[in-house]
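# What the coordinates show
One letter stands for each residue in the lines below.
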Amino acid sequence: ELGLGQVYVKDESNRLGLPAFKVLGGSYAVHRAVTAHGRPTALVTATDGNHGRALARTGRLLDLPVRVFVPAGVHPVAIAAIEDEGADVVGTGGDYDAAVAQARDEAAASGALLVQDTAWPGYEQIPAWIVHGYTTLFGEIDDQLDALGRRPDAVLVPVGVGSLAEAALHHYRSPTRRHRPALV
């Protein structure tokens, strides 16, 4: 027995019609980029699944072409889901880092907006906006628990690339927050 009083789960199985929270980050980053720099001619990214599909949905909603580079081993169902959103999917035959490099090169050559959820020196703004977009999820959690008269003692966050975990840290460790639950 874990000795837990209550457990609440944030269901992200239908965020804007997609089965993942990822659309929060990509769409927010594109919105910020458009606001700051104007409408791009196209969007480009690398993915092994949900991030690419989310960006493809964003491109479809904005009537922007999207090219998504995928590493070897991405399941055909994931590729089909990205293509169903209208994106051009390019198999790289390499690993994830090679797919990211090809997406970066494509964006540089074509002038498309690179919307990548990983950062490197000189490419920090878009990933930061993606993280900021993910914080929406934690604000919703606060609002939903407040409506029940509850505050979390602990928040459990899955970690993949790390952007969602970073969003949780930004949200729950903000200097203006009075209640700071444990983050796991």
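Note that the coordinates shown come from a computational prediction; the quantities given were computed from them, not determined experimentally.

## Topic: the packing of helix 1 (residues 23–37) against helix 2 (residues 50–62)
With their axes 8 Å apart at the nearest point, helix 1 and helix 2 run at an angle of 45 degrees to one another. As summarised for this structure, helix 1 and helix 2 are arranged oblique, according to the angle between their axes. With respect to the hand of their crossing, helix 1 and helix 2 are arranged in right-handed fashion. Counted together, V23, G26, S27 and V30 of helix 1 and A54, L55, T58 and L62 of helix 2 form the full contact between these two elements. Its residues assigned to classes, the contact of helix 1 with helix 2 comprises five nonpolar, three polar and no charged.

## With respect to helix 2
Taking 1.5 Å as the rise per residue, helix 2 with 13 residues should run 18 Å; its terminal C-alpha atoms sit 18 Å apart, in good agreement. Considering only its buried residues, helix 2 is in contact with helix 1, strand 1 (43–46), strand 2 (66–70), helix 3 (76–84) and helix 5 (125–147). Trailing helix 2 by a residue or two, D63 shows a phi angle of about 55 degrees, which is positive.

## Topic: the sheet that holds strand 4 (residues 113–114)
Here we have four strands laid out as an open sheet, ordered 3-2-1-4, and parallel in their pairing. The two strands at the open ends of the sheet, each matched to only one other strand, are strand 3 (88–91) and strand 4. Sheet analysis places strand 2 next to strand 3, joined by four bridges and oriented parallel. Residue V68 lies in a different strand from strand 3, and its bridge partner there is V89.

## So, the nonpolar core
Judged by nonpolar contacts, the single largest core of 45 residues is most densely connected at L43, V44, V115, I126, Y134, F138 and V157. The set of elements that each furnish at least two residues to this core consists of helix 1, strand 1, helix 2, strand 2, helix 4 (96–110), strand 4, helix 5 and helix 6 (163–172). When residues no more than four places from it in sequence are discounted, the contact partners of V157 are F138, L164, A165, A168 and V184.

## Side note on the environment of N14
Within the secondary structure layout, N14 lies in the segment before helix 1. Using a relative accessible area of 58% as the deciding quantity, one classes N14 as exposed. Taking the C-alpha atoms as reference points, N14 and L113, 99 residues apart in sequence, are found 26 Å from one another. At 3.3 Å, the side chain of N14 forms a polar contact with the backbone nitrogen of G17.

## Thoughts on unusual backbone geometry
The phi angle of most residues is negative, glycine excepted, and most peptide bonds adopt the trans form. The phi dihedral of L16 is positive, around 55 degrees, even though this residue is not glycine. The class of L16 is exposed, set by a relative accessible area of 55%.

## Some words on the packing of aromatic side chains
Centre distance and the angle of the planes are the two values used to describe a pair of aromatic rings. For the structure shown, the criterion picks out three aromatic pairs. With 4.5 Å between their ring centres and 20 degrees between their planes, W120 and Y123 make a pair best called stacked. For W120, a relative accessible area of 22% gives the class partly exposed. Residues F138 and Y172 carry aromatic rings whose centres are separated by 5.7 Å and whose planes lie at 75 degrees to one another, so their mutual orientation is edge-to-face. Pair noted here: F138 is in helix 5 and Y172 is in helix 6, with a separation of 34 residues, a long-range link.

So, how was this worked out
- Residues numbered from 1 in each chain as written.
- Predicted model: local features only at pLDDT ≥ 70, side-chain atom pairs only at ≥ 80, totals over all residues.
- Heavy atoms only, no water.
- Axes fitted to C-alpha atoms, helices over the stretch in contact; angles between N-to-C directions.
- Helix = DSSP H or I, 4+ residues; strand = E, 2+ residues; numbered from the N terminus.
- Parallel < 35°, antiparallel > 145°, perpendicular 65-115°, else oblique.
- Left-handed = near helix turned anticlockwise from the far one by under 90°.
- Contact = heavy atoms within 4.5 Å.
- Nonpolar A, V, L, I, M, F, W, Y, C, P; charged D, E, K, R; others polar.
- Expected span 1.5 Å × (residues − 1).
- Pairing = 2+ DSSP bridges.
- Core = buried A, V, L, I, M, F, W, Y, C linked by side-chain atoms within 4.5 Å.
- Buried < 20%, exposed > 50% of the residue type's maximum accessible area, 1.4 Å probe, protein only.
- Polar contact = N/O pair within 3.5 Å; in protein donor to acceptor, adjacent residues only side chain to side chain.
- Phe/Tyr/Trp six-rings, centres within 6.5 Å; stacked < 30°, edge-to-face > 60°.

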